[in-house]
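# Inside the fold
Listed here are the chains, written in short residue letters.
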Amino acid sequence: MRVAVAVVMAIAAAMPRVASAQATPPAAQAGSATLAAGEAVRVLYVAAHPDDEDTQLITWLARSGRAEVAYLSLTRGDGGQNLIGNELGEALGIIRTEELLAARRVDGARQYFARAYDFGFSKSAEETYSHWPKDSLLADVVRVVRVFRPHIIVTTFSGTPSDGHGQHQVSALLVHEAWTAASDTQRFSAATYGPAWKPLKLYRFGRFSTGAPALKINVGEYNAALGKSYSEIAAESRSQHKSQGFGTLQRKGVVWDSVRLVENRVGPVGIVEKSIFDGIPGAGIPGTSRSTNDLLHDAGVAVEAIADRRVIAVGDSAIVRVSVYNRGRTPVSIANGASSNGNGGAVIAPDSSLQWTTVMRGSAITQPWWLSRPRTTDLFAVPIDGLSEEEREMRSWIPVPIDLGPKGGIVTARVPAVYRYADPVRGDVQRPVAVAPLVSVTLARPVELARANAPLDRFFNVTLRSASTKPLPVKVSLALPAGLTADSAMRALSVDSAGTRTVTFRVRGRLTPGNHTVEAKAEANGATFTSGYIPIDYEHISPERQYRPATVRISAIDVAIDPKLTVAYIPGAADNVAPVLRQLGILVTIVDASDVPTVDLSRFHTVVVGPRAYEAHRELVDNNPYLLDYARRGGTLVVQYGQYEMMRPGVMPYPITINRPHDRVTDENAPVTVSGSPIFMLRPNKLSNADFENWVQERSLYMPRVFDQRYQSFMSMNDPGEPPNRGAILVTPYGKGLYVYTTLSFFRQLPQGVPGGARLFANLLSMSRRSTEPAAR
């Protein structure tokens, strides 16, 4: 996935033509029920999202050595939600991509992706295909099938409405079509998509399907060499999906999984099988599928490549020290002719090592490869080429061919160049070397809100990141829209080697209604830089960088704000709402969920609880009585949507029921009906149908279908063909105050600068007991 590091090494030029650790072995003839000599059976799992795969089955197959396994996810999970940070959209897709790769490092499988962008929840295959061109995605699936050449394909879903999510349905429909299309060279030419391939068997995840007899598999089988059962390893793999809150217990003992046979080219469908390998002679024997890393591991050989710095400027280079350690009992050697440094043929005795240095050059920036071209539709613009994510990373890794002797032969180890340092707390920390612009320029947020025709007085922080090896003089300036001026036209400063500096401009003026753009640029070494990267760095995944232009779109809207309004805000998950409220001139105080008992909430007109806050901060459940008491004493408590935890007694004043699967309105243009003419629809902003235009991704989610009669509902909406749901905004007087619960997706609308979302939310913040009364006619 990391592109752009060119390694200048003589060993690369003279490297023997051998398979890398991730290479696929020679395949049997398409449709053959037998395996070629030395060939392992291959199993491809296909579904729609990160987390849709059956990690237990994958682990049982891969870590036992019964099969080579890969997971093809149509999407990168971009449209989901985030429990560990504020990233959404493409940034969240980066996190979930890396989480899948972290999961695969645990369970031993490979990872593939198609080009589909996760546009959010959909309720039918038809709706999904309106976003995703069917032929394009089918071509992606066919390409992966032909490249990986699975003997067995497994899918989670059925391709019917029982799958729920329309993207789930489409994943199964495409697999069923690819079952035949992968061998059709008239429809998908071999020249473009690779040689035809005919899988032998197709299975469906047993727990989500009916029909054919289920084949049960004990995935709790213990592996003495690994010291764990496959279900324990699978739980560790599943727990890498931290952005989705999928931490999983590692259960010991017998754990049953199941699959159902759907298609079979080596026997009939509907039979009771003893194994998924039935009909494929020689398949399914534990320990038969081994990688180059297993050869190296058994031999006790380890290879490292340590760079002298973490970031290389485009066009610059770094020194990398390559070390080969022989911790085994027999000598190994560097393959003859592999290096002009004189290492070819060099013997490394047991308990010794060999080191040499090489040069790594930065040819292009390191970034997620699928984002290297802007996306204009719900398909990523960069076509897939059949490489797995692991193989794509390995293209930029350093190859070191090692001769293990007569029994092992020549094996090529591929290792990433890393920058290594000792952290006082974390210990040994290694980070992949990245290539970046000489100067990276970013602004804090890509979108901001402002009150139109009102005084604007705002600070814009321009962050500069240097990839220079020495202090770098830089000039920074802002280009502003009409109506705004900055406190200075340009700033000159010096950025330390590999350093980061933030330059602050104070901008004042007024903006007319509409969208306006602020642009930042930096000048250094005679060049101009107008873009930069945002680091995405969590301990459980490999660090990444998301590049974007150094611009801010300011959405100037007509919105009235009560000047006396004061708000306490308790952040939730993926919550970027509070900064937007401040941009509108609202006095907002951030309150940590754990600090609720120590804060005098009575000084605030409104207390706001962020989306999924009760799930993201478990201590908030314990502290919730303080919030309810605040409302009881006369305050207004506004709670944004949660999931099923909202049904827990004591979280809300009165009970609600959220269906499983939950109700939601996914059509962002769905009609909205307001009933009862409540005052809050008029003050301080007079809302109309126009305020529900141009929403993004969805209207509402986790909507209660049934709620206590003491809640008042003033709004209903529904997706086409479904009954109206009145759970978008629920209001109830509570003691002397007011409790407001909303499932509208403000967490998406406000950070995207949607005017109506901001105006509606401003009205909710200004509510009081009187706001629930009908407006005077």
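Here, the structure is the one placed above.
Below, the structure is looked at part by part. Predicted, not measured: the structure shown is a model, and the values here were computed from it.

Moving on, we get to the overall build of the protein chain. For the protein chain, the helix and strand inventory stands at 15 helices and 46 strands. In terms of C-alpha radius of gyration, the protein chain reaches 29 Å, essentially the compact-globule figure of 28 Å for 777 residues. In terms of principal-axis extent, the alpha carbons of the protein chain reach across some 90 × 70 × 50 Å. Within the protein chain, the fraction of its 777 residues that count as buried is 56%. Pairs at least 24 residues apart make up 74% of the contacts formed inside the protein chain by residues separated by at least 6 positions. Accessible area of the protein chain: about 31,500 Å², with a carbon and sulfur share of 50%. Looking at the protein chain, you have 83 positive and 72 negative side-chain charges, and the mean spots of the two groups are 2 Å apart.

This next bit is on unusual backbone geometry. Between R660 and P661 the backbone carries a cis peptide bond, its omega angle lying at -5°. The omega angle of the peptide bond from R683 to P684 is -5°, so this bond is cis rather than trans. Within the secondary structure layout, P684 lies in the loop between β40 (672-674) and β41 (700-703). The phi dihedral of A574 is positive, around 45°, even though this residue is not glycine. By secondary structure assignment, the location of A574 is in the loop between β34 (566-570) and α11 (577-583). The phi dihedral of N694 falls on the positive side, at around 65°, and the residue is not glycine. Note that N694 resides in the loop between β40 and β41. Residue class for N694 comes out exposed when judged on its relative accessible area of 60%.

Another aspect to go through is the packing of aromatic side chains. For any pair of aromatic rings, the description rests on two quantities: the centre-to-centre distance and the angle between the ring planes. Scanning all chains against the criterion turns up 17 aromatic pairs. When the centroid spacing of 5.8 Å and the interplanar angle of 70° are considered together, the rings of Y654 and Y711 count as edge-to-face. A residue pair is termed long-range when its members are at least 10 positions apart, and Y654 in the loop between β37 (636-640) and β38 (656-657) and Y711 in the loop between β42 (706-707) and β43 (712-713) qualify at 57 residues. Y654 gets classed as buried once you look at its relative accessible area, which sits at 15%. Here a set of aromatic residues connected by ring pairs shows up, and it is made of Y641, Y644, Y702 and F747.

On to the packing of helix α5 (residues 134-148) against helix α6 (residues 166-181), then. Relative placement of two packed helices is described by the angle separating their axes and the distance separating the axes. Two elements in contact, α5 and α6, have axes separated by 9 Å at closest approach and are oriented at 60°. Taken together, α5 and α6 sit at an angle that is classed as oblique. When the axes of α5 and α6 are compared, the crossing they make is right-handed. Contact residues: α5 offers K134, L137, L138, V141, V142 and R146, while α6 offers L174, E177, A178 and A181.

The next point concerns the environment of D562. As for its position among the elements, D562 is in the loop between β33 (551-557) and β34. With 27 residues separating them in the primary sequence, D562 and T589 have C-alpha atoms 16 Å apart. One polar contact links the side chain of D562 to the main-chain amide nitrogen of K564, over a distance of 2.9 Å.

The end-to-end C-alpha distance of α6 is 22 Å, a good match for the 22 Å that 16 residues give at a rise of 1.5 Å each. α6 sits mainly inside the fold: 12 of its 16 residues count as buried. Of all the positions in α6, only G166, Q167, H168, Q169, V170, S171, A172, L174, V175, A178, W179 and A181 are classed as buried.

One open sheet holds the 4 strands; their spatial order is β22-β24-β28-β26, and the pairing between them is antiparallel. What marks the edges here is a single partner per strand, and that holds for β22 (439-443) and β26 (484-486). Strand after strand, the sheet turns through a mean of 30° between neighbouring axes, direction not considered. Note: β22 against strand β24 (residues 456-466), 5 bridges, orientation antiparallel. From the neighbouring strand, V441 faces β24, where its bridge partner is L464.

Quick look at the pattern of salt bridges now. Under the criterion given, the structure shown has 39 salt bridges. Salt-bridge contacts for E39 lead to R42; the nearest nitrogen and oxygen are separated by 3.0 Å. Residue classification places E39 among the buried positions, given a relative accessible area of 8%. Classification of R42 by relative accessible area gives buried; the value is 0%. Here D487 and R491 are joined by a salt bridge, their closest N and O atoms 3.1 Å apart. Judged by its relative accessible area of 23%, R491 falls in the partly exposed class. Bridged by salt links that share partners, the residues K134, D135, E177 and R187 form one connected network.

In terms of nonpolar packing, the biggest core is built from 80 residues, with L627 and L637 touching the most fellow members. Filtering out sequence-adjacent residues up to four positions away, L637 remains in contact with V607, V609, L627, L628, Y630, A631, L738, Y739 and V740. Among the nonpolar cores identified, the runner-up in size contains 45 residues, and V46, L74, W179 and V262 belong to it.

Quick look at the sheet that holds strand β3 (residues 68-73) now. The strands that make up a sheet are held in pairs by hydrogen bonds between backbone atoms, and each pair lies either parallel or antiparallel. The 7 strands lie next to each other as β4-β3-β2-β5-β6-β10-β7, forming an open sheet whose pairing is mixed. Of all strands in the sheet, those bounded by a partner on one side alone are β4 (110-113) and β7 (214-218). Pairs of neighbouring strands in the sheet enclose a mean axial angle of 30°, with direction left out of account. Judged from the 4 bridges that link them, strand β2 (residues 42-47) and strand β5 (residues 152-155) form a sheet pairing that is parallel. Note that in β5 the partner of V43 across the bridge is I152. Contacts from helix α2 (residues 55-62) reach β2, β3, β5, β7 and β10 (256-264) within the one sheet, and its direction differs from that of β3 by about 150°.

Another aspect to go through is the side chain of R146. Take R146: it is sitting in helix α5. There is no salt bridge for the buried R146, and the closest opposite charge comes from D184, which lies 6.2 Å off by N-O distance. In this structure the side chain of R146 is engaged in a polar contact, spanning 3.4 Å, whose partner is the backbone oxygen of S189.

Turning our attention to the packing of helix α3 (residues 90-107) against helix α8 (residues 230-238). Here α3 crosses α8 at 165°, and the two axes come no closer than 8 Å. Relative to α8, α3 is oriented roughly antiparallel. When you trace α3 past α8, the crossing you get is right-handed. Of the residues in α8, those touching α3 at A103, R104, V106 and D107 are I233, E236 and S237. Its residues placed into classes, the contact of α3 with α8 shows 3 nonpolar, 1 polar and 3 charged.

As for its position among the elements, T666 is in the loop between β39 (663-665) and β40. Judged by its relative accessible area of 3%, T666 falls in the buried class. Not counting residues within four places of it along the chain, the set of residues in contact with T666 comprises F121, K123, E127, Q697, E698 and D719.

Another aspect to go through is the pairing of β22. Here β22 lies mainly inside the structure; 5 of its 5 residues are buried. Burial along β22 is two-sided: V439, V441 and L443 facing one way and S440 and T442 facing the other are all buried.

By the element assignment, P655 lies in the loop between β37 and β38. Judged by relative accessible area, which is 55%, P655 ranks as exposed. C-alpha separation for the pair P655 and I348, spaced 307 residues apart in sequence, amounts to 71 Å.

What counts, and at which threshold
- Residues numbered from 1 in each chain as written.
- Predicted model: local features only at pLDDT ≥ 70, side-chain atom pairs only at ≥ 80, totals over all residues.
- Heavy atoms only, no water.
- Helix = DSSP H or I, 4+ residues; strand = E, 2+ residues; numbered from the N terminus.
- Rg over C-alpha atoms; globule rule 2.2 N^0.38 Å.
- Buried < 20%, exposed > 50% of the residue type's maximum accessible area, 1.4 Å probe, protein only.
- Contact = heavy atoms within 4.5 Å.
- Areas by Shrake-Rupley, 256 points an atom, 1.4 Å probe, with all protein chains shown as cover.
- Lys, Arg positive; Asp, Glu negative; His and termini not counted.
- Charge placed at Lys NZ, Arg CZ, Asp CG, Glu CD.
- Phe/Tyr/Trp six-rings, centres within 6.5 Å; stacked < 30°, edge-to-face > 60°.
- Axes fitted to C-alpha atoms, helices over the stretch in contact; angles between N-to-C directions.
- Parallel < 35°, antiparallel > 145°, perpendicular 65-115°, else oblique.
- Left-handed = near helix turned anticlockwise from the far one by under 90°.
- Polar contact = N/O pair within 3.5 Å; in protein donor to acceptor, adjacent residues only side chain to side chain.
- Expected span 1.5 Å × (residues − 1).
- Pairing = 2+ DSSP bridges.
- Salt bridge = Lys/Arg side-chain N within 4 Å of Asp/Glu carboxyl O.
- Core = buried A, V, L, I, M, F, W, Y, C linked by side-chain atoms within 4.5 Å.
- Nonpolar A, V, L, I, M, F, W, Y, C, P; charged D, E, K, R; others polar.

All quantities given are derived from atomic positions and should not be read as evidence of function.
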